[in-house]
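So you can see what is in the structure, the chains are spelled out below.
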Number of protein chains: 2
Amino acid sequence: MPIPSATTDADLALAAELGQQLRVDSVRSSTSAGSGHPTSSMSAADLMAVLVSRHLRYDWDNPDRPGNDHLIFSKGHASPLLYSIYKAVGVVSDEELMTGYRRLGSRLEGHPTPVLPWVDVATGSLGQGLPDGVGVALAGKYVEELPYRVWVLCGDSEIAEGSIWEALDKASYYKLSNLIAIVDINRLGQRGPTEHEWDTETYRRRVTAFGARAFVIDGHDVAAIDRTLAQAGDLSGEQPIVILARTLKGRGFSEVEDKEGWHGKPLPPEMAERAVIELGGERNLLVRGPVPDDAAPRHPARANSAAEIKLPAYDLGQKVATRKAYGDALAAVGARPDVEAMDGEVSNSTFADEFAKAYPERYFEMFIAEQQLVAAAVGFSVRGYRPFASTFAAFFTRAYDFIRMAAISQANIRLVGSHAGVEIGADGPSQMALEDLAMLRAVHGSTVLYPSDATSAAALTKTMADLDGVCYMRTTRGAYPVLYDAAETFPVGGSKVLRSADDDQVTLIGAGVTLYECLAAADQLAGEGISARVIDVYSVKPIDTATLTAAAMATGGRLVVAEDHHPEGGLGAAVLDALTGNGRTELDIAHLAVRVMPGSGTGEELLDEAGISASHIADAARRLLT
Amino acid sequence: MPIPSATTDADLALAAELGQQLRVDSVRSSTSAGSGHPTSSMSAADLMAVLVSRHLRYDWDNPDRPGNDHLIFSKGHASPLLYSIYKAVGVVSDEELMTGYRRLGSRLEGHPTPVLPWVDVATGSLGQGLPDGVGVALAGKYVEELPYRVWVLCGDSEIAEGSIWEALDKASYYKLSNLIAIVDINRLGQRGPTEHEWDTETYRRRVTAFGARAFVIDGHDVAAIDRTLAQAGDLSGEQPIVILARTLKGRGFSEVEDKEGWHGKPLPPEMAERAVIELGGERNLLVRGPVPDDAAPRHPARANSAAEIKLPAYDLGQKVATRKAYGDALAAVGARPDVEAMDGEVSNSTFADEFAKAYPERYFEMFIAEQQLVAAAVGFSVRGYRPFASTFAAFFTRAYDFIRMAAISQANIRLVGSHAGVEIGADGPSQMALEDLAMLRAVHGSTVLYPSDATSAAALTKTMADLDGVCYMRTTRGAYPVLYDAAETFPVGGSKVLRSADDDQVTLIGAGVTLYECLAAADQLAGEGISARVIDVYSVKPIDTATLTAAAMATGGRLVVAEDHHPEGGLGAAVLDALTGNGRTELDIAHLAVRVMPGSGTGEELLDEAGISASHIADAARRLLT
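Residues numbered from 1 in each chain as written. Chains lettered and ligands numbered in written order. Predicted model: local features only at pLDDT ≥ 70, side-chain atom pairs only at ≥ 80, totals over all residues. Heavy atoms only, no water.

Some thoughts on the packing of aromatic side chains
Residues and elements named next belong to chain A. Threshold: Under the pairing criterion, centres of Phe, Tyr and Trp rings, with the six-membered ring standing for Trp, must be within 6.5 Å; the plane angle then separates stacked pairs below 30 degrees from edge-to-face pairs above 60, leaving the rest tilted. Per the convention used, a helix needs a DSSP run of H or I reaching at least four residues, while a strand needs a run of E reaching at least two, with both numbered from the N terminus. Exposure is judged per residue with a 1.4 Å probe applied to protein chains only, and the accessible area is read against the type maximum: over 50% gives exposed, under 20% gives buried, and values in between give partly exposed.
Enumeration over the complete set of coordinates arrives at 42 aromatic pairs over all chains. Centre to centre, the rings of Phe-396 and Tyr-472 are 6.3 Å apart; their planes meet at 85°, and the pair counts as edge-to-face. Residue Phe-396 is found in the loop between strand E9 (386–392) and helix H15 (400–408), and its partner Tyr-472 is found in strand E12 (residues 470–474); the two are separated by 76 residues along the sequence. According to the relative accessible area criterion, Phe-396 is buried, its value standing at 0%.

Right under this line is the structure:
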């Protein structure tokens, strides 16, 4: 571990100078771009100057070095400050800063994203950087056992987000002394004063009550900052650290300092000139702080695992819930040391508890805090791991902003939602995922899987471990017959044609529970001499366009799609997209979906009430044929 | 105000008996249904027995009586307890309880919903009842000025949800002494002990730090409960109240009391028999507590307002952003005394600040806490008001679970999201709503509006005030020319055909910013002798099927749909649903949407990069015609 040298007056003077340079460059870059948040950058400049020059252990030439500290700007709108730091450490040129920031095609985007190698996660939706940091810190403390620290710069406005308190709660529960939140309390939000302005005592009481070790400092006193960061980063305690720094928005330029009306506004050019003069002029300090020791993580990531995974095998016809198959398979996939699992206090329902029993050291209970659940997965992904996060499918709606941002963060995460649709029965609509397919399909680059039987669910669980991006699997509460032999393969983007004949007159399309209804409907229709093709669309995104197109052509464009989901954005929409995406097409589609507000009942009753049971599917097919 | 009489020993004995009855009925009803959460009901039975018999001011025969207290079960899985209370006060029969609970078609659903007249909001997704209660309490204290109290029964597991802390933060900020949270700390969650078990001191420190007045009690000591509820409900202070009640899960039946493994499980019949015996047998107490005084709210709700609303008028061709028109119109709609507005600390961007300036007493700043923002709107809806809640469209993803539950709650709320799509330009993808149409369309019974110009945005704002259900309007950052005269009408479910001729060869479909791109494309095509129909789909859900179908028929099935949204679940999906929902159809569709991960740039650059600008639309049209 590098021992920091005692701080000299020269060190502090350099940090103060660096702080002024970061301010100057924040002003210059945002003025050149004609947009951005200079005043929100200026308030935190001294904090970051001391951190970067004296405490952050980071090898700027090797951002993938395992022992590097992490620096996450939860207040992503302070991107001018972050990019000015990159200039100060010499990885971004002044020219790039002045001509790239916020321009088309530039990596210096309006809010930080991991198109930059030194950025871990995309921020800009407030209250997410700290929860993501909890995930990174969990990986460091419990999986890698590496002494890196996770420094998170937060704004004061974002402390109103509940996700911040989910993060602090879990950080103290897991004793994450490697997590240090630095809150830039500049008193002013976008449209006026923040809720608590400079009431650092209220902040202190709250973060302390949530288990953090708190420091209250003047965020412009470089000596105080230096002393505090040294204590905060010592890893000796068992508490996360929160540094509450009282600062001035627009600090250093008297025309905007601590004034309302300057949030998110670049200074006009003449004003920027005056600001640069008042701040002491342009500087080109090149400053680097300490680098970490070399170290290797206990459980390796970022490498294909050679571990042999023996998936569970099920007998054809045996009744097994796909959620159970997920748990069985996840425990098997756990043979890969780069796989972690986490759950939102329902692991005995999602069956993530099978992994928890097999690999307790790589299982993380997130209790009922779904935003932190997804953020923890994102954090593990930052460190190259392959997390699986599970809860009831309905409750992933709680974390949609985190899922959306995970895609922008280029995170590779696996979400598994159980208890989908009206099939769950008696618990009623609050527990029924009826929007999840729409929600997850709309995420950029996502994969959406919806297996019907245990064999396919288990196979897809294994496949997910290697998928990039946001990957979602929907599982079902009830137990249904195994349809596929263990030797069957289920490529992403594929489908299975379960019934097919040359004289097929109509195609029945289902996934999950509705596939069984389609099969039963096909049986009914066969008894009437109507031959129906049946397709299992286990891969909803990407979808098997070729097989669906062939079926549509073979059956005169007559298709019945049945889904246990609201009609918008789910399986039916995916099928329509596929069939209309490649030129002229003639279709005669019956789209059966949950168009009612369901109540309680048995799963069978509710499938029937919603009009997605076998008899409704058969009726729809008959109508298409008349 | 009814003054409660001094409590006698007989009162306490009755409450204790009632508690046992509620336990017995919770066991009986869930066993009869074969599912449900008896043990989670038994822990809170004494708390509720004392509340209902002694403190809750409620006219059970007149649930709409304005002065009634509110009782919200944030721990909605304790529905057996709630329904057993309804039996005890005589509004639900024992027969209904025993034969209805969790059955098909019954109003006694697995988790409470407002199909019951005494239920304010649907619960069952944890951590929502308290934020909803904040909204109800805000209405009572600031709009109605009525002395009702809002009692919210919370579970201990749900305290891990960040939304609980958003709620307490806002409750103390707004000094909601009319809000009383009763936390049933029974130590056991679904799969094992809760994070903090019986650590009431940690809970006390946290809620106190968040500004609540805290009481820590034994939740089975009826005298202590009675004393505490009397203090909690006195409305004299300026703080919300949190009662931290230490309880035993399964209290009163030794075979399950404080034991793991009994969450969410009905007792098998023989066990239920033993439980009833140990609890002292079946009872049929009929108990009612105090009723409220008659009172009338200051600002009336639940009545059509006769206020004259003078909408802003814009000149044709004038450049006005739809978000600005929303603000202008909202300020005009504020002439109705039943309209409130709230925003997530971006009111100067959404232009909700125009309402805030005109009607400060009916504007509620929710700061950066989008879950509480939506929950507050739900709370106002409970009281019959017509709330408008606004933030950046992207940040409504933070509250998707609340929006989904609002639909189950039969809430009438209006959500307005600004800064949609890549059009916003330099700020980058974290601020760009590209999933919001998919998210809102998938909500049951929702209305989704997406006006292009200021006239339609203003008209639709006024229309929204009268719409039921979850209503969403998407607005645009930039200013674009006014297309419509102020006299034009914009019915929900309608559209506008802006270009049309008998020889139209292709239809161009847009909404919001892409409508302007469609118009420019039509101009380009006209120059080549290609006549293109152009349709403004300002109503995305419901959508104008007739006009779209007529256009498809008139232009040989050739349609170009362009949307500033990811390709899944948005405008394109809505158009496809409309065109394939009524029998055989032949289509040749080009669907232009944001299929890339955008970065920064100008709006124009990003529209072009995403392939949804005029030149791409014209190219797509040409391809359809070759």
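Some thoughts on the nonpolar core
Stated formally: Here, nonpolar core means buried Ala, Val, Leu, Ile, Met, Phe, Trp, Tyr and Cys residues that are tied together by side-chain atoms lying within 4.5 Å of each other. By definition in these notes, contact holds between two residues if any of their heavy atoms fall within 4.5 Å.
With 296 residues, the main nonpolar core has Leu-508 of chain A together with Leu-508 of chain B as its most contacted residues. If we skip the residues at most four places from it in the chain, Leu-508 of chain A touches Cys-518, Ala-521, Ala-522, Leu-525, Ala-532, Arg-533, Val-534, Ile-535, Val-560, Ile-617 and Ala-621 of chain A.

Some words on the sheet that holds strand E1 (residues 70–73) of chain A
Backbone hydrogen bonds are what pair the strands of a sheet, in a parallel or an antiparallel way. Residue and element names in this part refer to chain A. Here is the rule we go by: Whether two strands pair depends on DSSP finding at least two bridges between them. Whenever a helix is involved, its axis is fitted only over the stretch in contact; in every case the axis is a line through C-alpha atoms, and angles between N-to-C directions fall within 0 to 180 degrees.
An order of E1-E2-E3-E5-E4 is seen for the five strands of this open sheet, with the pairing classed as parallel. Two strands lie at the open edges of the sheet, namely E1 and strand E4 (213–218), each paired on one side alone. Neighbouring strand axes in the sheet, compared pairwise and without regard to direction, differ in orientation by 20° on average. The pairing of E1 with strand E2 (residues 150–155) spans four bridges and is parallel. Paired with Ile-72 across the bridge in E2 is Val-152. Set on the sheet, helix H9 (residues 222–232) makes contact with E2, strand E3 (179–185), E4 and strand E5 (241–246); between it and E4 the angle comes to about 165°.

Observations regarding the packing of helix H18 (residues 513–527) of chain A against helix H22 (residues 614–624) of chain A
All names here are of chain A. Short version of the rule: With respect to orientation, any angle under 35 degrees is reported as roughly parallel, any angle over 145 as roughly antiparallel, any angle of 65 to 115 as roughly perpendicular, and every other angle as oblique. Working rule for handedness: look at the near helix, and if it is turned counterclockwise from the far one by less than a right angle, call the crossing left-handed; if clockwise, right-handed. Residues are sorted three ways: Asp, Glu, Lys and Arg are charged, Ala, Val, Leu, Ile, Met, Phe, Trp, Tyr, Cys and Pro are nonpolar, and all the rest, Gly among them, are polar.
Between H18 and H22, whose axes approach to 8 Å, the crossing angle comes to 55°. By the angle between their directions, the pair H18 and H22 is classed as oblique. When the axes of H18 and H22 are compared, the crossing they make is right-handed. Between H18 and H22, the contacting residues are Thr-514, Glu-517, Cys-518, Ala-520, Ala-521, Gln-524 and Leu-525 on the first element and Ala-614, Ser-615, Ile-617, Ala-618, Ala-621 and Arg-622 on the second. Looking at the contact of H18 with H22 residue by residue, the classes come out as eight nonpolar, three polar and two charged.

Considering the side chain of Ser-456 of chain B
Residue and element names in this part refer to chain B. Stated formally: By the criterion applied in these results, polar contacts are pairs of N or O atoms within 3.5 Å in which, for protein atoms, one can donate a hydrogen and the other can accept it, and in which residues neighboring in sequence qualify only through two side-chain atoms.
Looking at the element boundaries, Ser-456 is found in helix H17 (residues 454–465). Within the local environment of Ser-456, its side chain forms a polar contact with the side chain of Asp-453, the two groups lying 2.6 Å apart. With sequence-adjacent residues up to four places away left out, Ser-456 is seen in contact with Pro-451, Tyr-484 and Phe-490.

Section: the pairing of strand E16 (residues 532–536) of chain B
Residues and elements named next belong to chain B. Filter applied, for reference: Looking down the strands as they point away from you, a crossover is right-handed if its path from the first strand over the helix to the second goes clockwise.
Of all five residues that make up E16, five are buried, and the element is covered over most of its length. Of the two faces of E16, the one lined by Ala-532, Val-534 and Asp-536 and the one lined by Arg-533 and Ile-535 are each fully buried. Judged from the three bridges that link them, strand E14 (residues 496–499) and E16 form a sheet pairing that is antiparallel. Residue pairing for E16: Val-497 is matched across the bridge by Ile-535. The sheet contact formed by strand E15 (residues 506–510) and E16 spans five bridges and is parallel. Within the sheet, the bridge partner assigned to Ile-509 lies in E16 and is Ile-535. With helix H18 (residues 513–527) bridging E15 and its parallel neighbour E16, the resulting β-α-β unit is right-handed.

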